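Residue-level structural notes
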Amino acid sequence: MKQLLTLIFTLYLLTGFAQKKPTAKQLQEFDAYVEQVRKEWEVPGLAITVVKDNQVLFKKGYGVKEFGKNDPVDTQTQFACASTTKAMTVALMGMLVDEGKISWNDPVYKYLPELQFSDPYLTREVRVRDLLTHNTGVPGTDYFTGIMTIPANEMFRRMVYVKPAYSLRSGFVYQNIMYSAAGRIIERLYGKPWSTVMQERIFDPLGMTQTAPKRGLSKSTNMTKPHYNVNDTIRVIDYGADSEIGSAGAVWSCVDDMSKWVICMLDSSKYGGGRLLKPATWAEIFKPQTFFPEDEYATMQLLKPNWRTYGLGWYQHDYRGHKVNFHTGSLSGLTAITGQLPDEKLGVYVFGNYDHAEVRHVLLYKTLDFFALGGNRDWNAEIKTLYAGIRETGKKAAKSFQENRVPNTSPSLPLNKYAGKYTSPLYGKAEVSVVNNQLIFNINDNALNATLTHWHYDTFYGPYSKFWYGKMLARFTLNNSGKVDTLVFDGLDFKKQ
């Protein structure tokens, strides 16, 4: 009995520490930790907010907006929300559900007939819910925005050429274009651009005055620059274009405003003037809808959760007996992460201006421990070791690639025979020309360019014009007449005209 009482008292102390409001000294400790790990991960600029019980516990900017300049990040510095935008798009769809204009299980063709799949069964059976759970069976199609500048309707038209990776609702492959489709449905049912609906239905009610549906719509001059590591040197890179698939990841915001969004989502979508969603609709968004695989996030190797699910716009897993909702966001040179511990009413949002700065995962789980669950697990050391291993694996793969080059080979044909125009109903068009004994690749009218030299046989290798894209491989195949037939550019097939 005495041992039981001791255990109960110990649990009471631990729980009491986790639940009480942190002291100024504890906040200083957390502040110092954030700055320490930011420097260790070499992130030029970062911003974080922590909310609990409908209040902001901590909010601060760190570092600089642009590497090499003394222009500090503050709590109103705008960063890319990237794919954390998806939860906002889901909220808008939930409003349509509340208004009786749509159902989660309505067939998509009812609202977006131009979205056709290679299998007529898919076209007929894909539901609105499927668009939001990465569960249509259609593999990722980010090349629509990476190597093309085409409108969303043209992307939808080309989906008929994309072969499914698995049958409907039997797997999980992250799919941005489906969120673009959701955005177009929102536009049609509200009769306004998605960006306008987002502004009117979420940002204005929540008082998110420093948030824009797209970077091009922002009126702020307090905006970060994206950064990339090139040959062990941190460099500023160009902003990406405002995407045609904005509902998948176009929002720009700051931690002042994201504090309001996180509180709203934790408090069943309530805000000062009312609520965004009906309780049942809010609950449906956070209900597990499908499973996601362990390799979706490297951190799952450390967490070893008992279950991994995806709701509507939110990843989910268990952690120390609690449910976590979270989502990352990544654009070239920019990162974000948001996470919730719903039963503790604790939420965090982190922005960064360095490509795939995985310190965001460190800060997510450190926040959950520090402000709610207690413990001293060294997330920084573990996650740094994890990603160091991933980088080492990448280096070994690169070395193996170099070693597998076959020496002393020549192209089958003179270089000018590879020049010409190539087309694909899915990937668009490519033009190859010869300059200074190199092949110049122009993909979709300068949407993407690369300069390649001979590698071996009929394969060529070299850098993209956008240096942060790295290098790529192009391979030509010949037909029975010994003439160039196809071009496989970075895994994408084009037919010579």
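Computed from a prediction, not measured in an experiment: that's the story for all the values here.

1. A word on the overall build of the protein
Across its full length, the protein holds 14 helices and 22 strands. Its C-alpha atoms give the protein principal-axis dimensions of about 85 × 50 × 50 Å. With 497 residues in all, the protein has 53% of them scored as buried. The long-range share in the protein, meaning contacts at least 24 apart out of those at least 6 apart in sequence, stands at 63%. For the protein, the accessible surface area stands at approximately 22200 Å², while carbon and sulfur atoms represent 51% of it.

2. What about the UniProt feature "domain: Beta-lactamase-related" (unreviewed entry) in the protein?
This chain's UniProt record puts "domain: Beta-lactamase-related" (unreviewed entry) on residues 30–359. Helix makes up 30% of residues 30–359 and strand 21%. Its end C-alpha atoms lie 14 Å apart.

3. Observations regarding the UniProt feature "domain: Peptidase S12 Pab87-related C-terminal" (unreviewed entry) in the protein
According to UniProt, the "domain: Peptidase S12 Pab87-related C-terminal" (unreviewed entry) feature falls on residues 405–493. Overall, residues 405–493 shows 0% helix and 55% strand. The separation of its end C-alpha atoms is 22 Å.

4. Quick word on the packing of helix α3 (residues 85–98) against helix α9 (residues 194–206)
Where α3 meets α9, the axes come as close as 10 Å, and the angle between the chain directions of the two elements is 80 degrees. It follows that α3 is roughly perpendicular to α9 by the angle criterion. Taken together, the residues of α9 that come into contact with α3 (itself represented by T85, M88, T89, A91, L92 and M95) are W194, V197, M198, R201, I202 and F203. Within the contact of α3 with α9, the residues separate by chemical class into nine nonpolar, two polar and one charged.

5. Concerning the sheet that holds strand β9 (residues 290–291)
Think of a sheet as strands paired side by side through backbone hydrogen bonds, with each pair either parallel or antiparallel. Spatially, the eight strands line up as an open sheet ordered β2-β1-β14-β13-β12-β11-β10-β9, and their pairing is antiparallel. Of all the strands in the sheet, the pair left with one neighbour each is β2 (55–63) and β9. When strand β11 (residues 315–319) meets strand β12 (residues 322–331), the two strands line up antiparallel, connected through five bridges. Its bridge partner lying in β12, H317 is registered against V324. Here helix α10 (residues 255–266) sits on the sheet in contact with β1 (45–52), β2, β13 (334–341) and β14 (346–352), set at roughly 150 degrees to β14.

6. Some points on the sheet that holds strand β22 (residues 492–496)
Ordered in space as β15-β16-β17-β18-β19-β20-β21-β22, the eight strands form a closed barrel in which the pairing is antiparallel. Averaged over all pairs of adjacent strands, the angle between their axes in this sheet comes to 30 degrees, without regard to strand direction. Where strand β15 (residues 420–424) meets β22, two bridges bridge the pair, whose relative direction is antiparallel. Note on β22: the bridge partner recorded for Y422 is K496.

7. Thoughts on the pairing of β12
Most of β12 sits inside the fold, with seven of its ten residues counted as buried. Where β12 and β13 come together, seven bridges link them in antiparallel fashion. Its bridge partner being in β13, N325 is matched across the sheet by Q340. In this structure, the hairpin formed by β12 and β13 is closed by a connection of two residues, where G333 is found at a positive phi of approximately 85 degrees.

8. A look at the environment of R275
In this fold, R275 is placed in strand β8 (residues 274–275). On the basis of relative accessibility, which here comes to 30%, the residue R275 falls in the partly exposed class. Ignoring sequence-local partners within four residues, the contact set of R275 consists of S268, S269 and K270. Separated by 2.5 Å, the side chain of R275 and the backbone oxygen of S268 make a polar contact.

Here is what the cut-offs are and how they apply
Residues numbered from 1 in each chain as written. Predicted model: local features only at pLDDT ≥ 70, side-chain atom pairs only at ≥ 80, totals over all residues. Heavy atoms only, no water. Helix = DSSP H or I, 4+ residues; strand = E, 2+ residues; numbered from the N terminus. Buried < 20%, exposed > 50% of the residue type's maximum accessible area, 1.4 Å probe, protein only. Contact = heavy atoms within 4.5 Å. Areas by Shrake-Rupley, 256 points an atom, 1.4 Å probe, with all protein chains shown as cover. UniProt positions renumbered as here; feature names shortened; annotations may be inferred. Axes fitted to C-alpha atoms, helices over the stretch in contact; angles between N-to-C directions. Parallel < 35°, antiparallel > 145°, perpendicular 65-115°, else oblique. Nonpolar A, V, L, I, M, F, W, Y, C, P; charged D, E, K, R; others polar. Pairing = 2+ DSSP bridges. Polar contact = N/O pair within 3.5 Å; in protein donor to acceptor, adjacent residues only side chain to side chain.

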